[in-house]
Amino acid sequence: MTEVSDREPPRRRVPGPARPAAGARRPGPGARRPAPGRPGASNALRLGSPRPRLRMVSLALTLVLIAFVVRLLQVQAVDASAYAAKADQNRYVGHVLTAERGGILDRNGVALATSVDAYDLTADPTMFTRDQLKIGNGPEQAAALLAPILGMEQDTLLHKLRPQNKKLRYVLLARRQTPQVWKQIKDLKSALTAKGEKDKSTVNVLAGVFADPSSKRIYPNGDLAAGILGWVNDLGKGGGGVEQELNRELAGKDGKIRYAQSGGRLVPTAGSTETPAVPGSDVELTLDRDIQWAAQNAITEQVRKSGADRGYVIVQDTRTGEILAMANAPGFDPNDLSKANPNALHNWAVEDAYEPGSTAKIMSMAAVLQENVATPLTHVVVPNRLHRGDRLFKDDIDHDTWNLTLNGVLAKSSNIGTILATGQLGSTQAQANKVLYSYLRKFGIGSYTGLGLPGETKGILAPPEKWSTSQQYTIPFGQGLSVSALQAASIYSTIANGGVRIEPSLVRGTKGPDGRFTPTAKPKKTRVVSAKTAKTLAQMLESVVDDREGTGNKARIPGYRVAGKTGTANRVDPATGQYRGYTSSFAGFAPADNPRITVYCAIQNATSGSYFGGQICGPIYKEVMEFALKTLQVPPTGAPAANLPVTF
């Protein structure tokens, strides 16, 4: 057996570095070392210099920083305004704040036209795009939802929601919608939002629909005084009557608002600006709503029964010239113009020019009395026919020779007697024509009344040198010249006011947003005839109504002295320019001896029943005058009538 020793095995000897041989020299500091790879060379690696790389990186970073600085300077300095404008365009939305329109009131403060809260519905078309909604048919869905609520065609709404101008941020969908309409849309928007929170596939396609506070014009009394009031069009401007004439005062001044928005929601920000709207002024008219109602009701019923084209009634305060009522028939409801007859959208009481007939004889009598060529008791022999110029003139009825006073000529409304009386105004017919013309002009014929309503006519009155052979003799009894109903009423108010003509007025004043009332300027006054002549004319007009031979018996009012005159004139058909039908009228004032109220009525082209003015307009005069006297609490004078003789 081999014996194993417990001692450690001997360590292996590692040879140390070779030592130079004896007598050999060590290499000096400057001696070259053996090249690598060569026998005896060192295996150590030498690193490259980092400086070139650092220089390249620094240069690249410098170029990048220079590019950023240049771009920053361009954005913040060179193009700053352009980018700011573009940012504002995308962030800020601006629109007009519509001023609240002033109301129109009657003389007692009763509202005839007023404004209520409404909304202009608008949209931002950029919020209906595919990029915004993530769907391609957003405008179609929105239009389908809005159409039945707004009562509009779906294609019309779609055209607005998808305009040709892709950058358009504001479109008007519908004006002056009621709060109820906006509430329906708002509730629908809320429902879509709530559904979208539960179901991510649901999109609120109405997020881009908004409402701007506005106002809607309403007329509480329907068609009452519609011809005077007019209406307001879709642009918020007056389209007729007082609404048009005083649009500036009523409309006020619109304001502006500019606000930040995001996703269709208002964002409170210091950048928002607002210029408040200034409300319009209230306009107070001279009209009395109750008297207006009585006049309108009476003329509407008579026009219907007579089968007439139209009619009008004027009620005027003789002392002030204020218009208490101006009624037209047929009328219209300014709350819904879609149902109105276009021919009724007028105030024919000031726009219609027509030959007045015998109601104009009062001006001829005024000239005769004022020029002292006759008195109410002057004898006038009236033949059955009168030859003048190239014509034979007659009265409305055939009769034997009448022996009338000048008062009787007016009471029986004799054309022949009027021609004979006015012929005394000059030594020749041409001179008589000039004198008569001067009085017609003083009464306001051929001139605007001063009321200033849209479409008002000044009538037709040729200068005397241009009167035809027939006009020289027809103008004295009311044919061959044209007037408006307001002009005709003003003639009688002039007589009632002691011979002084006061320009008719319709507006008493305006009340501004500050509550301050500004009255209108006082109307112009003109002396036409003397007080004595006016009093005499009033007495003569009483004979027309009170005398059993007068033509105005149906205008009598128990307990009151009434002055009036009938009129039945050939009517020029505006369609053909030829005479067709008649203009029937009645004019007068009461109480005759202490006048307070003038009433004028005219009906155009009555086709059913009588067409004589005394028969169809006399009763209207009575009905309206009685109502006005009671409304204004005008008592009878109790004095006996003059009872001037009619015949001799």
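What you see is a predicted model, and the numbers here were worked out from it, not measured in a lab. (Residues numbered from 1 in each chain as written. Predicted model: local features only at pLDDT ≥ 70, side-chain atom pairs only at ≥ 80, totals over all residues. Heavy atoms only, no water.)

Chemist: I'd love a proper account of the overall build of the protein chain, names of residues and values included.
Modeler: Helix and strand content of the protein chain: 20 helices and 22 strands. The buried share of the protein chain, reckoned over its 648 residues, is 46%. Restricting the contact set of the protein chain to residue pairs at least 6 apart, pairs at least 24 apart contribute 72%. As presented, the protein chain carries roughly 34400 Å² of accessible surface, and 52% of it is formed by carbon and sulfur atoms. (Helix = DSSP H or I, 4+ residues; strand = E, 2+ residues; numbered from the N terminus. Buried < 20%, exposed > 50% of the residue type's maximum accessible area, 1.4 Å probe, protein only. Contact = heavy atoms within 4.5 Å. Areas by Shrake-Rupley, 256 points an atom, 1.4 Å probe, with all protein chains shown as cover.)

Chemist: Quick rundown of the state of the cysteines? Include the residues and the values.
Modeler: What the rule picks out here adds up to zero disulfides. Here C601 is not disulfide-linked; the sulfur of C617 is the nearest cysteine sulfur, at 3.1 Å. Relative accessible area serves as the criterion here: at 0%, C617 is assigned to the buried category. (Disulfide = S-S within 2.5 Å.)

Chemist: So what about the packing of helix α12 (residues 361-370) against helix α15 (residues 429-442)? Which residues, and what values?
Modeler: At a closest axis distance of 9 Å, the pairing of α12 and α15 adopts a crossing angle of 115°. Along this stretch, α12 crosses α15, giving a crossing that reads as right-handed. Each of M363, S364, A367 and Q370 in α12 lies in contact with α15, whose residues at this interface are L436, Y439 and L440. Tallied by class, residues from the contact of α12 with α15 come to five nonpolar, two polar and no charged. (Axes fitted to C-alpha atoms, helices over the stretch in contact; angles between N-to-C directions. Left-handed = near helix turned anticlockwise from the far one by under 90°. Nonpolar A, V, L, I, M, F, W, Y, C, P; charged D, E, K, R; others polar.)

Chemist: Any chance you could break down a nonpolar patch on the surface for me, citing the residues and the numbers?
Modeler: Residues L59, L63, I66 and V70 make up a contiguous nonpolar surface patch of roughly 380 Å² in combined accessible area. One can find V70 in helix α1 (residues 51-78). (Patch = residues over 30% accessible without salt bridge, like charges linked within 9 Å, V, L, I, M, F, W, Y side chains within 5 Å. Salt bridge = Lys/Arg side-chain N within 4 Å of Asp/Glu carboxyl O.)

Chemist: Talk me through the sheet that holds strand β22 (residues 597-604); I want residue IDs and the actual numbers.
Modeler: The five strands are arranged β11-β10-β22-β21-β20 in an open sheet whose pairing can be described as antiparallel. Edge positions in the sheet fall to β11 (323-329) and β20 (563-572), since each has one partner strand and no second. Direction aside, neighbouring strands of the sheet carry axes that sit 10° apart on average. In terms of strand pairing, β20 meets strand β21 (residues 579-590) through nine bridges, oriented antiparallel. Paired with T568 across the strands is S584, a residue of β21. Strands β10 (310-317), β20, β21 and β22 of the sheet are contacted by helix α20 (residues 618-631), whose axis makes an angle of about 30° with β21. (Pairing = 2+ DSSP bridges.)

Chemist: How would you summarise the nonpolar core if you had to cite specific residues and measurements?
Modeler: One finds L285, I314, M326, I362, L506 and Y600 to be the most contacted residues of the largest nonpolar core, which totals 92 residues. When residues in this core are grouped by element, the largest group, eight residues, is from helix α17 (residues 485-496). Counting residues in hydrophobic clusters, the runner-up holds 33 residues, among them A308, A325, V545 and A628. (Core = buried A, V, L, I, M, F, W, Y, C linked by side-chain atoms within 4.5 Å.)

Chemist: Just give me the short version of the side chain of Q472, but keep the residues and values in it.
Modeler: Within the fold, Q472 resides in helix α16 (residues 471-474). Judged by its relative accessible area of 18%, Q472 is buried. Side chain to side chain, Q472 and N433 meet in a polar contact 3.0 Å long. Dropping the residues within four chain positions of it, Q472 is found in contact with Q429, N433 and W467. (Polar contact = N/O pair within 3.5 Å; in protein donor to acceptor, adjacent residues only side chain to side chain.)

Chemist: Break down the confidence of the model for the protein chain for me, with residues and values.
Modeler: The pLDDT averaged across the protein chain works out to 89; a share of 89% of its residues lies at or above 70. Taken as a whole, residues 1-8 scores under 50 in pLDDT and shows zero contacts with residues more than four places along the chain or in a different chain. (pLDDT = per-residue confidence, 0-100.)

Chemist: So, the environment of S585: which residues are in play, and what are the values?
Modeler: By secondary structure assignment, the location of S585 is in strand β21. Residues S585 and F612, spaced 27 residues apart in sequence, show a C-alpha to C-alpha distance of 7.9 Å.

Chemist: Just give me the short version of the pairing of strand β17 (residues 507-511), but keep the residues and values in it.
Modeler: With four bridges joining them, strand β9 (residues 282-285) and β17 adopt antiparallel strand pairing. Looking at β17, one finds that L285 is bridged to V507. Bridge analysis of β17 against strand β18 (residues 517-519) gives three bridges, and the strand direction is antiparallel. By the bridge assignment, G509 is partnered in β18 with P519. Where β17 folds back onto β18 in an antiparallel hairpin, the turn is made up of five residues, including G515, whose phi is positive at roughly 85°.

Chemist: Could you give an account of empty space enclosed by the protein, naming the residues involved and the relevant values?
Modeler: One pass over the structure, following the stated rule, counts four cavities of 30 Å³ or more. Of the pockets and cavities examined, the second largest cavity occupies roughly 70 Å³. Along the walls of the second largest cavity sit 14 residues, with D223, A226, G227, N328 and G331 positioned nearest its centre. Secondary structure elements with two or more residues in the lining of the second largest cavity: α7 (226-229), α10 (289-306) and β11. Classifying every residue of the lining of the second largest cavity gives seven nonpolar, six polar and one charged. (1 Å grid on protein atoms, 1.4 Å probe; cavity = no way out; pocket = protein on both sides within 12 Å on 5 of 7 lines; lining within 4 Å. Points joined across faces, edges and corners; volume = space filled by probe spheres on them.)

Chemist: Describe in detail helix α6 (residues 179-198), supporting the description with residues and values.
Modeler: The first and last C-alpha atoms of α6 sit 29 Å apart over 20 residues, in line with the 28 Å expected at 1.5 Å per residue. Of all the positions in α6, only V181, W182, I185, K189, L192 and G196 are classed as buried. All buried residues of α6 fall inside an arc of 100° around its axis, so they share one side. Of the exposed residues in α6, those oriented more than 90 degrees away from the buried face are Q180, E197 and K198. (Expected span 1.5 Å × (residues − 1). Arc of directions from axis to C-beta.)

Chemist: Please set out the packing of helix α4 (residues 138-150) against helix α5 (residues 154-161) residue by residue, giving values where relevant.
Modeler: The geometry of a pair of packed helices is captured by two quantities: the angle between their axes and the separation between those axes. One can describe the packing of α4 onto α5 by two numbers: an axis separation of 8 Å at closest approach and a directional angle of 130°. When the axes of α4 and α5 are compared, the pair comes out oblique. In terms of crossing hand, the pair formed by α4 and α5 is right-handed. Packed against α4, whose contacting residues are P139, E140, A142, A143, A144, L146, A147 and L150, the element α5 presents Q154, L157, L158 and L161 at the interface. In terms of residue class, the contact of α4 with α5 is built from 10 nonpolar, one polar and one charged. (Parallel < 35°, antiparallel > 145°, perpendicular 65-115°, else oblique.)

Chemist: Tell me about α17, and name the residues and values.
Modeler: In this model α17 runs 17 Å from its N-terminal to its C-terminal C-alpha over 12 residues, within 8% of the 16 Å that 1.5 Å per residue would give. The set of residues buried in α17 consists of A485, L486, Q487, A488, A489, S490, I491, Y492, S493, T494, I495 and A496.

Chemist: Could you give an account of the packing of aromatic side chains, naming the residues involved and the relevant values?
Modeler: In the structure shown here, the tally under the stated rule is 10 aromatic pairs. Relative to F477, the ring of F393 has its centre 6.3 Å away and its plane inclined at 75°; by these criteria the two rings are edge-to-face. A residue pair is termed long-range when its members are at least 10 positions apart, and F393 in strand β14 (residues 391-393) and F477 in the loop between α16 and α17 qualify at 84 residues. F477 carries the same exposure label as F393, and that label is buried. By way of ring pairs, the aromatic residues F393, Y473 and F477 are connected into one cluster. (Phe/Tyr/Trp six-rings, centres within 6.5 Å; stacked < 30°, edge-to-face > 60°.)

Chemist: Tell me what's going on with the pattern of salt bridges, and back it up with residues and numbers.
Modeler: Any two side chains of opposite charge can pair, on the condition that their charged atoms come close. If you walk through the whole model with that rule in mind, you get 19 salt bridges. Within the structure, one salt-bridge network assembled from shared partners comprises R107, E284, E322 and R508.

Chemist: Which residues make up unusual backbone geometry, and what values do they have?
Modeler: In the segment running from A329 into P330, the intervening peptide bond is cis, with an omega of 0°. Omega for the bond connecting A590 with P591 falls within 30 degrees of zero, at -15°, which places this linkage in the cis form. Relative to the assigned elements, P591 resides in the loop between β21 and β22. With a phi close to 45°, R176 is a non-glycine residue in the positive phi region. Summarising the element assignment, R176 is placed in strand β4 (residues 171-177).

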